[in-house]
Amino acid sequence: MSLAEQVRPSGGPPSPYMTLYLMYGFAKASEFGVEVPRDVVVRGWQYLARRFREDYVARMRKDEADWEFLTFLNYVASAYPDASWTGNALLPQERTDILNYSFKHWKQHSPLLKGQLALTLKRMNRVQDGVLVFQSVMDSAKT
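Computed from a predicted structure; not experimentally measured.

Definitions and limits used
Residues numbered from 1 in each chain as written. Predicted model: local features only at pLDDT ≥ 70, side-chain atom pairs only at ≥ 80, totals over all residues. Heavy atoms only, no water. Helix = DSSP H or I, 4+ residues; strand = E, 2+ residues; numbered from the N terminus. Rg over C-alpha atoms; globule rule 2.2 N^0.38 Å. Buried < 20%, exposed > 50% of the residue type's maximum accessible area, 1.4 Å probe, protein only. Areas by Shrake-Rupley, 256 points an atom, 1.4 Å probe, with all protein chains shown as cover. Core = buried A, V, L, I, M, F, W, Y, C linked by side-chain atoms within 4.5 Å. Contact = heavy atoms within 4.5 Å.

Once that is clear, we can look at the overall build of the protein chain. In terms of regular secondary structure, the protein chain is built from seven helices and zero strands. If you list the helices and strands of the protein chain from N to C, you get α-α-α-α-α-α-α. The C-alpha atoms of the protein chain give a radius of gyration of 15 Å, which matches the 15 Å a tight globule of 143 residues would have. Viewed in the frame of its principal axes, the protein chain has a C-alpha envelope of about 45 × 40 × 30 Å. The proportion of buried residues among the 143 residues of the protein chain is 45%. For the protein chain, the computed accessible surface area is about 8000 Å², with 56% contributed by carbon and sulfur atoms.

Take a look at the structure:
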């Protein structure tokens, strides 16, 4: 049973969006020293990786995928201290593909998503691209 199936209201469908928000909450809690259930986090990431492969990979190749969700997905994955927290569910090449796709659409992102993308770029060793994206956030904040 997936994490989404465990936490959803009775009769409701599993939701990758809600699962991702839970994974974000666990990452933030962990950042502040709160003990989080690693097994739940790993199962959540397994579900998200499965949804990514089933729903997003082909659409990304056609440039028809939901870049907002994918940007947030990669941002949250990058917020964990290491890949063992995500159960290595998303392969490094998949994370790079997601990052490339998100960066391709960065000008369409909201300021919040641009900030998340900039942090993800930095965390994935694309510092110059991260600076470029973050500078656009700062430019929009000035006007």
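The next point concerns the nonpolar core. Core analysis: the largest hydrophobic core is formed by 32 residues, its most contacted members being Trp45, Phe52, Leu70, Leu73 and Tyr80. When residues of this core are traced back to their parent elements, those giving at least two are helix H2 (16-31), helix H3 (38-61), helix H4 (67-78) and helix H5 (92-104). Sort the elements by how many residues they give to this core and H3 lands first, with 10 residues. If sequence neighbours within four positions are ignored, Tyr80 has contacts with Met23, Phe26, Ala27, Val41, Trp45, Trp85 and Thr86.

Before going further, it helps to examine the environment of Ser140. One can find Ser140 in helix H7 (residues 127-142). Taking C-alpha positions, Ser140 is 7.8 Å from Pro111, a pair spaced 29 residues apart along the chain.

Peptide bonds are trans in most cases, and residues, glycine excluded, mostly fall at negative phi. Backbone geometry at Asn88 places phi at a positive 50 degrees, although glycine is not the residue there. Looking at the element boundaries, Asn88 is found in the loop between H4 and H5. Take Asn88: its relative accessible area is 48%, and that puts it in the partly exposed class. Residues other than glycine seldom take positive phi values, yet Asn125 does so here, at roughly 65 degrees.

This is a description of form; function is not addressed.
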